Amino acid sequence: MLSRIHLSIIVAIFACLLYSCEPKGNYTGTEYAPNMYHSVAYDPYSQIIDSTTYGREYYNSNPYNQYKGKKHINMMPPVEGTVPRQNYRSVADSSKDARDKALYFYELHVDSFALAGRILTNPVPASDGVVEEGKNLYLTYCQPCHGEKGLGDGKVGAMYKGVANLTGAAYKNLPEGHIFHVISHGKGRMWGLKTTITPEERWKIVHYVKKLQKGEG
Amino acid sequence: MSKSITTRILSFLFAFLLVSMFAFAQDDGTTQGNGTTDNTTQTGGAAGGLSDNADVIAKGEELFNGNCKQCHAVNAKVVGPALAKVYERRNIPWLINFIKYPQKTIESGDAYAVALYKQYNQFMPNHDFLKDDEIVAILSWVKKETDNPTVAKTPPTGEPGTPQNPTESNSGLLVGIVVALATLLVVVLAVLAMLGSVLTKYLAKEKALSEADRAILEQKVEWGKILTSRGFVGIVSFVFVALVLKVATEALVTIGVQQGYAPDQPIPFSHKLHAGQYEIDCKYCHHTVEKSKHASIPGPYVCMNCHNAIKTTSPNMDLIYKAVENDEPIQWVRVHNLPDLAYFNHAQHVKVAGLDCTNCHGNIKEMEVVQQVSLLTMGWCIDCHRKTEVNAKGNGYYDNLLEMHSKYSKQPMKVENIGGLECSKCHY
């Protein structure tokens, strides 16, 4: 009888121990096979820079990869002077003329809004699908400040202040190239979004913004 | 009686006529003034030329809301100065000229304009598309607002409070129901116990009872015997063993499953605030989710799009500035970690399948600290692949597959039907 009680107590303790394996807060929980979780290969967001935390085995930081004198950076910036051409090849229209025009902005100065408006034309032909895509992109990237209908009444815009009412008289008749240039580089209080939105996506947004400005959004 | 009413109406009409004539006269005055706007020597009266015609003011309000409201308020500094009594500070032609060409005015060396620029440190955009009488209409509205401001509407302030109240009263209602049920139960038990004791007392007085019945009546509950009886010990030990086994198996099964993992991050970024309260789309920050295997963790370049103007000083913002200044990545702690042996592609699931982020990541909008909500086990993946229909609409890639599938089955095409359960789909 005693041994049985002992046995059950041991089982209970074992169960409690197992229960404590559960992940919570900063604790990931017990990792049964840690080498499955910690990639030795360079995976995004998986860098382990401390060689003592998980043991030498999972330390996957490259000490030889130095960036501006700092160690432990696996992702390297492209070589100086690299031009990311792939952005421009994805332009939907196949006509060479339109594509070349779409490239122009690359040469344009940040402040050349009027020039951008004059020489840039939208290389992405408008279709229902494109405008729909533009709408989705607009709702993701522009709506927080400019609001669903472009009235400058977004929830973030209320905090940011000074957000343009895209349907206002000052903006209503702006050429597409101008809008494209503003999305790319920002204007006034707005900062540019060229790092987040590809040129093709920007042109699609321009289509939708134009639609909003005609009150058809 | 009727006579007095007619006289009242007549006098009202007369007054209306007078007022409208006056307004027209004023309108004329402004249009005459327009011709001389470029003449900067004109120093018209402080509020001269402004109209108090209701139509003009309404037009001014509309124009103000469309073109000025973003940066100006009447009684508060927004981006630019508060506009109350602006028509007293400067004369109308100066204002018209400044509103049309602010930068030019500042660069021309106008002392007041330069002082404004120094104070606010930014140019107001040109508003040369506005006609002179439109600017006058806006200023008339500003004057009207300065003199007797429209009372702020109450609904916007009440709005955030209202959605909370129903939920609160709901939970209160639930608690109330539970308490009521519990008290009812206690009352019923008490009544039953009383009934029992009354009945036994009544039966004890009864003399026509058989021996057997009397034995039952005088039976005493022996707790000690019950506690040591085989049956009781058996039940207790069964329950104990079952509980222990349940806990043990559950724990064993969840080893290596990080559901519930919610690590502290180097910067306590709140998804509840950004995605919840401000309704910023997930893709605004995790913008590679539709193009890449990974949903990128945004760098400071995304934070700064808004934080160049919103909450620019805080200890947490300093951490971002520090990262930018030192050119160092922010070492966010990875929450969802799929083992290296399984391939998962965000673009495939979000862009092609059109799945919502919350399908796997849970209600991020409510999370102050992000935690792993899903199991991320193979069973979990497979389960979804069995249930989910392929999002083939408008995607030419699936045309042939759909055709083949419809030949042999009348069921909708699920992910498992196009090889969603193949080992090599995810393990290679």
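Student: Where do I start with the overall build of chain A in this structure?
Tutor: The secondary structure content of chain A amounts to eleven helices and zero strands. Helices and strands in chain A line up, N terminus first, as α-α-α-α-α-α-α-α-α-α-α. Within chain A, the proportion of its 217 residues that are buried is 30%. Residue pairs in contact within chain A that sit at least 24 positions apart in sequence constitute 49% of those at least 6 positions apart.

Student: What is the right way to read the UniProt feature "domain: Cytochrome c" (unreviewed entry) in chain A from this model?
Tutor: Per the UniProt record, "domain: Cytochrome c" (unreviewed entry) is annotated on residues 129-213 of chain A. Here residues 129-213 of chain A runs as 61% helix and 0% strand, with 19 Å between its end C-alpha atoms.

Student: Sorry if this is basic, but what is going on with the packing of helix H15 (residues 300-307) of chain B against helix H16 (residues 315-326) of chain B here?
Tutor: Between two packed helices, both the angle of their axes relative to each other and the distance between the axes serve to describe the pair. Residue and element names in this part refer to chain B. H16 packs onto H15 with a crossing angle of 130 degrees between their chain directions and a minimal axis gap of 11 Å. What the angle tells us is that H15 and H16 run oblique. In this structure, the crossing between H15 and H16 has a hand that is left-handed. In contact with Pro300, Cys303 and His307 of H15, H16 contributes Met317, Ile320, Ala323 and Val324.

Student: Would you mind going over unusual backbone geometry with me for this structure?
Tutor: Keep in mind that most residues, glycine aside, have a negative phi and that most peptide bonds are trans. All names here are of chain A. Its identity is not glycine, yet Lys161 carries a phi of approximately 70 degrees, on the positive side. Here Lys161 is to be found in the loop between helix H8 (155-160) and helix H9 (169-172). Since 18 C-beta atoms lie within 10 Å of it, Lys161 is described here as partly exposed.

Student: Please explain the environment of Ile197 of chain A as it appears in this structure.
Tutor: Residues and elements named next belong to chain A. The topology assignment puts Ile197 in the loop between helix H10 (176-185) and helix H11 (199-213). When the C-alpha positions of Ile197 and Pro125 are compared, they lie 18 Å apart, and in sequence the two are 72 residues distant. The residues touching Ile197, leaving out its near neighbours within four places in the chain, are Tyr141, Ile183 and Arg202.

Student: Where do I start with the domain arrangement of chain B in this structure?
Tutor: Reports of interface size often rely on the accessible area that becomes lost once the parts have come together. Each domain of chain B was delimited in the assignment, giving domain 1 (2-151), domain 2 (184-219), domain 3 (222-255), domain 4 (263-337 + 352-374) and domain 5 (377-428). For domain 2 of chain B and domain 4 of chain B, the distance between their C-alpha centres works out to 69 Å.

Student: Explanation requested: helix H4 (residues 92-100) of chain B in the structure shown.
Tutor: Residues that lie three or four places apart on an α-helix share one face, since the helix turns once every 3.6 residues. Within H4 of chain B, seven of the nine residues are buried, which leaves the element mostly enclosed by the surrounding structure. Among the residues of H4 of chain B, Ile92, Pro93, Leu95, Ile96, Asn97, Phe98 and Ile99 of chain B are the ones counted as buried.

Cut-off values and rules
- Numbering of residues begins from 1 in every chain and follows the order in which that chain's sequence is written.
- In the order they appear in the text, chains get letters beginning with A and ligands get numbers beginning with 1.
- Per-residue local features of the predicted model are confined to residues with pLDDT of at least 70, and side-chain atom pairs are confined, for both listing and counting, to 80 or more; whole-chain, interface and lining totals are unaffected and use all residues.
- Every helix listed is a DSSP run of H or I at least four residues long, and every strand listed is a run of E at least two residues long, numbered separately from the N terminus.
- Whether a residue is buried, exposed or partly exposed follows from its count of other C-beta atoms within 10 Å of its own C-beta, namely 20 or more, 12 or fewer, or something in between, respectively; the C-beta atoms are built from the backbone.
- Contact criterion: two residues are in contact if their C-beta atoms, reconstructed from the backbone, are within 7 Å.
- UniProt positions are given in the numbering used here, feature names are shortened, and annotations may be inferred rather than shown by experiment.
- Here an axis means a line fitted to C-alpha atoms, over the contact stretch when the element is a helix, while the angle between two N-to-C directions is reported on a 0 to 180 degree scale.
- Note that the term roughly parallel is reserved for angles under 35 degrees, roughly antiparallel for angles over 145, roughly perpendicular for angles of 65 to 115, and oblique for everything else.
- Put simply, a crossing is left-handed when the front helix is turned counterclockwise from the back one by less than a right angle, and right-handed when it is turned clockwise.
- Throughout the structure description, domain borders are defined by an automatic or database domain assignment.

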